Amino acid sequence: MSEVNLDGVRNILGRIDLSEKLTNGKVRPDYLIPLLQDIQDEYGYLPRPALELISREGGIPLSRIFGVVTFYEQFYLEPRGKHMVKCCRGTACHVKNGAKIASAISKELGIEEGGTSADGLFTFETVACLGTCFLAPVMMIDDSYYGNLEESDVRTILERYREGGVK
């Protein structure tokens, strides 16, 4: 396990106006989510030492913080890849063999859903719907959509990202 530099968390805590965010010396519950979002923006995920620091400095039980972090899908407890690969598993994609696309992505990256590639380039997850049913089956990498996919397209698309052709 690598050590996490907590300067980013301290900077975030130092920027906030504590008088507005604290009640009886504790971070108000309505400010916890924005605080976690700021820390995730800083690190790309929520390292445990950062959560422990928030708990100590903000007077919030660590169990409560973990309760919030694990409830919302937007929060990540593990480092994420440089590129986020999302494969749609909605109805239209399901009907058009979206599961085969997800399988091809998993095979090509060598990871299961929710995993991050060993080189740190990709994190792969499936989502309920990407809202682009007319493109089914579809995957999304960062902010780009790739639709009407065949299994053989997956390798070509991912190679462009590996080679740095897509930033």
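Residues numbered from 1 in each chain as written. Predicted model: local features only at pLDDT ≥ 70, side-chain atom pairs only at ≥ 80, totals over all residues. Heavy atoms only, no water.

- With an unreviewed UniProt entry as reference, the chain is termed NADH-quinone oxidoreductase subunit E, source organism Spirochaeta isovalerica.
- Listed in UniProt under the heading Sequence similarities (unreviewed entry), the comment for the chain reads: "Belongs to the complex I 24 kDa subunit family." (UniProt positions renumbered as here; feature names shortened; annotations may be inferred.)

1. A closer look at the packing of helix H1 (residues 7–15) against helix H3 (residues 29–43)
Stage number 1. Running from amino to carboxyl end, H1 crosses H3 at an angle of 140°, the nearest separation of the two axes being 10 Å. Put simply, H1 runs oblique to H3. Here H1 and H3 pass one another in a crossing that is right-handed. Contacts between H1 and H3 pair Asp7, Gly8, Val9, Ile12 and Leu13 from the former with Leu35, Asp38, Ile39, Glu42 and Tyr43 from the latter. (Axes fitted to C-alpha atoms, helices over the stretch in contact; angles between N-to-C directions. Helix = DSSP H or I, 4+ residues; strand = E, 2+ residues; numbered from the N terminus. Parallel < 35°, antiparallel > 145°, perpendicular 65-115°, else oblique. Left-handed = near helix turned anticlockwise from the far one by under 90°. Contact = heavy atoms within 4.5 Å.)

2. Observations concerning helix H7 (residues 98–109)
Stage number 1. End to end, H7 covers 17 Å across twelve residues, agreeing with the expected 16 Å (1.5 Å per residue, within 8%).
Stage number 2. For H7, the full list of buried residues reads Gly98, Ile101, Ala102, Ala104, Ile105, Ser106, Glu108 and Leu109.
Stage number 3. The elements touched by buried residues of H7 are strand S3 (83–88), helix H6 (91–95), strand S4 (122–127), strand S5 (139–141) and helix H8 (151–162). (Expected span 1.5 Å × (residues − 1). Buried < 20%, exposed > 50% of the residue type's maximum accessible area, 1.4 Å probe, protein only.)

3. What to know about the sheet that holds S5
Stage number 1. Strand order in this open sheet of four strands is S4-S3-S5-S6, and the pairing throughout is mixed. At either end of the open sheet lies a strand with only one pairing partner, and these are S4 and strand S6 (144–146). Strand after strand, the sheet turns through a mean of 20° between neighbouring axes, direction not considered.
Stage number 2. Two elements, S3 and S4, share six bridges in a ladder whose sense is parallel. (Pairing = 2+ DSSP bridges.)

4. Some words on the domain arrangement of the chain
Interface size, as often reported, equals the accessible area lost upon joining of the parts.
Stage number 1. Each domain of the chain was delimited in the assignment, giving domain 1 (6–71) and domain 2 (83–163).
Stage number 2. Summarising the inter-unit geometry, the C-alpha centres of domain 1 and domain 2 are found 33 Å apart. (Domains from an automatic or database assignment.)

5. Notes on the pattern of salt bridges
Stage number 1. In the structure shown here, the tally under the stated rule is six salt bridges.
Stage number 2. In this structure, the salt-bridge partner of Asp7 is Arg10, at a minimum N-O distance of 3.7 Å. In this pair, Asp7 and Arg10 are both assigned in helix H1, three residues apart and thus about one turn of the helix distant.
Stage number 3. The exposure class of Arg10 is partly exposed, given its relative accessible area of 46%. (Salt bridge = Lys/Arg side-chain N within 4 Å of Asp/Glu carboxyl O.)

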